Amino acid sequence: MPLRKRWLCLLLVLALSLPLFGCGGGTSYGVKAVQTLVEQQYSLAFRNNDPTIYYVVAAIKVLAAEGKVDELSTKWLGGKLVNFEKDASALDDLAVPKNKTFIIGVDVNSFPFVYSSNGTLWGFDIELAIAVTDLLGWTLKEQVIEKEKVYDELASGNIDCAWGGIALNEKEVASKIYATYGPYISNQIVIATRDSSIGSNMKGKTLAMPSTTEALNALNSDSRLASRLGNVIRLVGGTMECFTYLYSGKCDAILTDSTAILYYNCH
């Protein structure tokens, strides 16, 4: 594993193991991960040879230098965990950006980076994208996509950037069929619980999980886990509904993202 990825993973592990802070003084719900199923890295993707990437990356660097990235990271994740480069002068050598509508493709099932609330998309990545377009004088438009179709969405011109809790396909990244920026944070798909007596042995336990293909693939990555469970509840409400079930005692554990645990443990 490259050194940068190791650093990101270590930072997230430390954050999960320490008391969280900075989320407006929220109450800790004591949710803990007991088993990691899948490890991911979130990044941005752009069409090759599209100058849009230079402006977006430069704007992010400026916002990071100004403290906006740390502010949003603390708001959504409980600490300064997002790893974007800082450079207050990053836009200085670029021409004044022309007005444009900047279309980002987002994964709506990646709470707290992107999620839908009463028909409105919100989350860490949405807030940061708004700050970027405000800085550049652009108009932001969000487009929900399937993360498995990042290349198709970019190549067709349907989006300018895949950005919103998206773990890019490692083979596509290696083949350089699109340009990337990141990764900016690590995420793990995990089994999590509030019951201190429950470990990775989930024999006879009830598990709630999102009804997404990604979640099902993660569960099936450990055949022994699936066979030990007493009951599996698949919820169309995604991450937020899973946590509601966990808090209300309707399940023993949930399949969720480690970054979602960060959010819920400090709100």
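All values derive from a computational prediction rather than experimental measurement.

Draft legend 1. Representation of helix H3 (residues 68-77) within the structure. With seven of its 10 residues buried, H3 lies for the most part within the structure. In this structure, the buried side of H3 is in contact with helix H2 (52-65), strand S3 (115-117), strand S4 (120-122), helix H4 (124-136), strand S7 (179-193) and helix H10 (258-264). The first or second residue beyond H3 is glycine 78, which carries a positive phi of 90°.

Draft legend 2. Here's a closer look at the packing of H3 against H4. The contact between H3 and H4 brings their axes to 10 Å, and the two run at 160°. On the basis of the axis angle, H3 is roughly antiparallel to H4. Crossing handedness for the pair H3 and H4: right-handed. Listed contacts from H4 to Lys68, Val69, Leu72, Ser73, Lys75 and Trp76 of H3 are Phe124, Glu127, Leu128 and Ala131. Split by residue class, the contact of H3 with H4 holds six nonpolar, one polar and three charged.

Draft legend 3. Quick peek at a negative patch on the surface. Residues Glu85, Asp87, Asp92 and Asp93 make up a contiguous surface patch of negative charge. As for its placement among the helices and strands, aspartate 92 is situated in the loop between H3 and strand S2 (101-106). For aspartate 92, a relative accessible area of 59% puts it in the exposed group.

Draft legend 4. Focus on the side chain of glutamate 172. Tracing the backbone shows glutamate 172 in helix H6 (residues 170-175). There is no salt bridge for the buried glutamate 172, and the closest opposite charge comes from lysine 171, which lies 10 Å off by N-O distance. Every residue in contact with glutamate 172, bar those within four places of it in the chain, is listed here: Tyr151, Ile177 and Tyr178.

Draft legend 5. Main features of the layout of surface pockets. By volume, the largest pocket amounts to about 560 Å³. If you go around the largest pocket, you meet 23 residues; those closest to its centre are Gln41, Ala167, Leu168, Asn169 and Glu170. Of all the secondary-structure elements, those providing two or more residues to the lining of the largest pocket are strand S1 (32-46), H6, S7 and helix H7 (213-220). Reported here for the second largest pocket is a volume of approximately 440 Å³. Lining the second largest pocket are 26 residues, and of these Asp107, Val108, Asn109, Ser110 and Thr212 sit closest to its centre. Counting only elements with at least two residues in the lining of the second largest pocket, the list comes to S3, H7, helix H9 (238-248) and strand S10 (253-257).

Draft legend 6. The arrangement of the packing of aromatic side chains in detail. Tallied over the entire structure, the rule returns 16 aromatic pairs. Arranged with centres 5.6 Å apart and planes meeting at 75°, the rings of phenylalanine 113 and phenylalanine 124 form a pair that is edge-to-face. Note that phenylalanine 113 is positioned in the loop between S2 and S3 and phenylalanine 124 in helix H4, a separation of 11 residues in sequence. On the accessibility criterion, phenylalanine 113 (1% relative accessible area) is buried. The exposure class assigned to phenylalanine 124 is buried, which follows from its relative accessible area of 0%. Here the aromatic cluster, defined as three or more aromatic residues joined through ring pairs, consists of Trp76, Phe111, Tyr115, Phe243, Tyr247, Tyr263 and Tyr264. The ring centre of tryptophan 138 lies 5.3 Å from the NZ or CZ of lysine 100, which sits over that ring. In this structure, lysine 250 is placed above the aromatic ring of tyrosine 245, and the distance from its NZ or CZ to the ring centre is 4.9 Å.

Draft legend 7. Focus on the nonpolar core. In this structure, Leu44, Val56, Phe84, Ile104, Trp163 and Tyr184 are the most contacted members of the largest nonpolar core, which totals 58 residues. When residues in this core are grouped by element, the largest group, eight residues, is from H2. The contact partners of isoleucine 104, leaving out residues within four places of it in the chain, are Ile126, Ala129, Leu140, Lys141, Glu142, Gln143, Ile159, Cys161 and Trp163. Counting residues in hydrophobic clusters, the runner-up holds 14 residues, among them Leu37, Ile198, Leu225 and Leu229.

Thresholds applied
Residues numbered from 1 in each chain as written. Predicted model: local features only at pLDDT ≥ 70, side-chain atom pairs only at ≥ 80, totals over all residues. Heavy atoms only, no water. Buried < 20%, exposed > 50% of the residue type's maximum accessible area, 1.4 Å probe, protein only. Helix = DSSP H or I, 4+ residues; strand = E, 2+ residues; numbered from the N terminus. Contact = heavy atoms within 4.5 Å. Axes fitted to C-alpha atoms, helices over the stretch in contact; angles between N-to-C directions. Parallel < 35°, antiparallel > 145°, perpendicular 65-115°, else oblique. Left-handed = near helix turned anticlockwise from the far one by under 90°. Nonpolar A, V, L, I, M, F, W, Y, C, P; charged D, E, K, R; others polar. Patch = residues over 30% accessible without salt bridge, like charges linked within 9 Å, V, L, I, M, F, W, Y side chains within 5 Å. Areas by Shrake-Rupley, 256 points an atom, 1.4 Å probe, with all protein chains shown as cover. Salt bridge = Lys/Arg side-chain N within 4 Å of Asp/Glu carboxyl O. Lys, Arg positive; Asp, Glu negative; His and termini not counted. Charge placed at Lys NZ, Arg CZ, Asp CG, Glu CD. 1 Å grid on protein atoms, 1.4 Å probe; cavity = no way out; pocket = protein on both sides within 12 Å on 5 of 7 lines; lining within 4 Å. Points joined across faces, edges and corners; volume = space filled by probe spheres on them. Phe/Tyr/Trp six-rings, centres within 6.5 Å; stacked < 30°, edge-to-face > 60°. Lys NZ or Arg CZ within 6 Å of the ring centre and 35° of its normal. Core = buried A, V, L, I, M, F, W, Y, C linked by side-chain atoms within 4.5 Å.

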